[in-house]
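Examination of the molecular architecture
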There are 2 protein chains.
Amino acid sequence: MSTDIPDIVIGRLPIYLRALNQLARQGQEITSSRELGQLLGISSAQIRKDLSHFGGFGKQGTGYHVEILRKKLEQILNVDTEWSIVVVGAGHIGHALAHYGGFVNRGFRVVAVFDNDLDKIGKKIDGFKIQPMEDIDDFIDKHHIKLAMVAVPAEYAQDVANKLIEHGVRGILNYAPITINVPDGIYVQYIDPVAELQHMTFYLSS
Amino acid sequence: MSTDIPDIVIGRLPIYLRALNQLARQGQEITSSRELGQLLGISSAQIRKDLSHFGGFGKQGTGYHVEILRKKLEQILNVDTEWSIVVVGAGHIGHALAHYGGFVNRGFRVVAVFDNDLDKIGKKIDGFKIQPMEDIDDFIDKHHIKLAMVAVPAEYAQDVANKLIEHGVRGILNYAPITINVPDGIYVQYIDPVAELQHMTFYLSS
């Protein structure tokens, strides 16, 4: 989807969707930008402005239908169908990702785990047999994989990313604490607990 | 630190620090906003503007001293000394956090792991004996813990957060895929791989 909507707005949509899922689980049918704002620590004006990029979802005073807005956000984020995703790196993080229950019903399914460690290849993580890295090219080609989670040591992350991209992966969730370079049209997001912690310690005096 | 600097700017500082660490490890002594920008996919103007909030670090045309800027960012982010941090939840994510090597030299040290599962309590993860949840209050009090990583099932995350905050924790890194409510002056950041993946799938047609 080509868009003039600021990326920062796009980044907030999954947060709204997460909150709506939460409200839906609690059986709530109607919400408001005010309630969402309080839940998320974002101003209600910001939420209304963000959502207005995609058309009107609620009327002044009547609020949002949780289920309608939820479905609409799933469509906007292209997660109304499920994406297959591979995990590269079968260390502790790779294990946690293979076991992670949070992907269910949120648009993603781990379909394979790869590693180059002979001690790990062939072993099972939660039903996934760890596959050798030399098989990843064929796997990505065959299954048209577009997304990967990379949980390898920092020094290998760039090489792994290059290989994935070469075979058609277009989005990488990188767990290695290193910035990786990718060509235009390829997306990288980072999971870096230290960066998040440092964001908070800025506000805390030790 | 009370500040008028936008939070979005603060959130980028750890990313700059991560890139500078990367350059330092490669032995590079001088960098520029242009080089950092290329590495990070952020405009050089943005980087200069962000850093200008904290005084001048580089002169036009001479670039930044990697080590000086690195140290300065560590000071700004309050990670020039090490923070002790507890892990709550000894599941797969908790295991990965207890083992995570990425905290070293970046300002944080895991000091304890807690869980309420009798099957887990007393077992060891990478040298940490898993402690029972009923001991966490005393531990936090005694060691003046200000930061916690919460990796418990979603339905327990709010209760755990309340308990931590009551005993003085001021920053929570939440791994549960749920938004938690905290009072003013308490900080929460989220690690949610699904939100990051959804941010990317917005741009990808399936």
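Residues numbered from 1 in each chain as written. Chains lettered and ligands numbered in written order. Predicted model: local features only at pLDDT ≥ 70, side-chain atom pairs only at ≥ 80, totals over all residues. Heavy atoms only, no water.

Focus: the sheet that holds strand 7 (residues 131–132) of chain A
Residue and element names in this part refer to chain A. Pairing is parallel across the open sheet formed by six strands, whose spatial order is 7-4-3-8-9-10. Where the open sheet ends on each side, the last strands, each with one partner, are strand 7 and strand 10 (187–190). Across four bridges, strand 8 (residues 147–150) lies against strand 9 (residues 171–174) in parallel orientation. Counted as the bridge partner of Val150 is Asn174 from strand 9. The strands touched by helix 6 (residues 136–143) within the sheet are strand 3 (83–88), strand 4 (108–115) and strand 7, with strand 4 carrying the most contacts at an inclination of about 160 degrees. (Pairing = 2+ DSSP bridges. Helix = DSSP H or I, 4+ residues; strand = E, 2+ residues; numbered from the N terminus. Contact = heavy atoms within 4.5 Å. Axes fitted to C-alpha atoms, helices over the stretch in contact; angles between N-to-C directions.)

Some words on the nonpolar core
Ranked by size, the top nonpolar core spans 99 residues in total, and within it Met149 of chain A together with Met149 of chain B carry the most contacts. Apart from residues no more than four positions distant in its own chain, Met149 of chain B is found in contact with Leu197 of chain A together with Ile85, Val86, Val87, Val88, Leu97, Phe103, Val110, Leu173 and Tyr175 of chain B. (Core = buried A, V, L, I, M, F, W, Y, C linked by side-chain atoms within 4.5 Å. Buried < 20%, exposed > 50% of the residue type's maximum accessible area, 1.4 Å probe, protein only.)

What about the pattern of salt bridges?
Pairing of side chains with opposite charge becomes possible as their charged atoms draw close. Residues and elements named next belong to chain A. Counted according to the given criterion, the structure contains 16 salt bridges over all chains. Ionic pairing is found between Asp50 and Arg12, a salt bridge with its closest N-O pair at 2.6 Å. Residue Asp50 is located in helix 3 (residues 44–52), and its partner Arg12 is located in helix 1 (residues 7–25); the two are separated by 38 residues in the primary sequence. Here Asp50 falls in the buried class, since its relative accessible area comes to 1%. (Salt bridge = Lys/Arg side-chain N within 4 Å of Asp/Glu carboxyl O.)

A short note on the packing of helix 1 of chain A against helix 3 of chain A
Residue and element names in this part refer to chain A. For the pair helix 1 and helix 3, interaxial distance at closest approach is 10 Å and the crossing angle is 110 degrees. Judged by the angle between their axes, helix 1 and helix 3 are roughly perpendicular. Together, Val9, Arg12, Leu13 and Tyr16 of helix 1 and Gln46, Ile47, Asp50 and Leu51 of helix 3 make up the contact between the two elements. Grouping the amino acids of the contact of helix 1 with helix 3 by side-chain chemistry returns five nonpolar, one polar and two charged. (Parallel < 35°, antiparallel > 145°, perpendicular 65-115°, else oblique. Nonpolar A, V, L, I, M, F, W, Y, C, P; charged D, E, K, R; others polar.)

Describing the domain arrangement of chain A
Partitioning chain A into domains gives domain 1 (7–75) and domain 2 (83–195). Computed over C-alpha atoms, the centres of domain 1 of chain A and domain 2 of chain A are 30 Å apart. (Domains from an automatic or database assignment.)

Some thoughts on the sheet that holds strand 3 (residues 83–88) of chain B
Residue and element names in this part refer to chain B. Strands sit in the order 7-4-3-8-9-10 across an open sheet of six strands; the sheet is parallel. Looking along the sheet, the strands with just one partner apiece sit at the ends: strand 7 (131–132) and strand 10 (187–190). Where strand 9 (residues 171–174) and strand 10 come together, four bridges link them in parallel fashion. Across the sheet, residue Gly171 finds its bridge partner in strand 10, namely Tyr187.

Regarding the pairing of strand 9 of chain B
Regular strands place their side chains on alternate faces of the sheet. Side chains Gly171 and Leu173 of chain B of strand 9 of chain B all project onto a buried face; the interleaved residues Ile172 and Asn174 of chain B project onto the opposite face, where all are buried too. Taken together, strand 8 (residues 147–150) of chain B, helix 7 (residues 154–166) of chain B and strand 9 of chain B constitute a β-α-β crossover, and its handedness is right-handed. (Right-handed = clockwise from strand over helix to strand, strands pointing away.)

A few points about the relation of the copies chain B and chain A
For the match of chain B to chain A, the screw axis carries a shift of 0.0 Å, the RMSD comes to 0.0 Å, and the turn is 180 degrees. Overall, the copies show the geometry of a two-fold rotation axis. Mapped onto chain A, 100% of the interface residues of chain B again fall at the interface, so both copies present the same surface. (Least-squares fit on C-alpha atoms with pLDDT ≥ 70 in both.)

Structural notes on helix 7 of chain B
All names here are of chain B. Ala154, Ala157, Val160, Ala161, Leu164 and Ile165 are the residues of helix 7 that are buried. Down the axis of helix 7, the buried set is contained in an arc of 130 degrees. They therefore lie on one face. Pointing more than 90 degrees away from the buried face of helix 7 are the exposed residues Glu155, Asp159 and Glu166. Along its buried surface, helix 7 packs onto strand 3, helix 6 (136–143), strand 8 and strand 9. (Arc of directions from axis to C-beta.)

Brief notes about the interface of chain B and chain A
Listed by partner, the interface residues are 63 residues for chain B and 63 residues for chain A. For the pair chain B and chain A, the two sides together bury roughly 6,500 Å², of which 66% comes from carbon and sulfur. The closest approach of N and O atoms between Asp192 of chain A and Arg18 of chain B, which form a salt bridge, is 2.8 Å. For the interface between chain B and chain A, the tally reads 24 residue pairs in polar contact (both at pLDDT 80 or more). Listed by contribution, the elements that provide at least two residues to the side of chain B that touches chain A are helix 1 (7–25), helix 2 (33–40), strand 3, helix 5 (92–99), strand 8, strand 9, strand 10 and helix 8 (193–201) of chain B. Element by element, the count of residues in the side of chain B that touches chain A is highest for helix 1 of chain B, at 10 residues. (Buried area = accessible area lost by both parts, 1.4 Å probe. Polar contact = N/O pair within 3.5 Å; in protein donor to acceptor, adjacent residues only side chain to side chain.)

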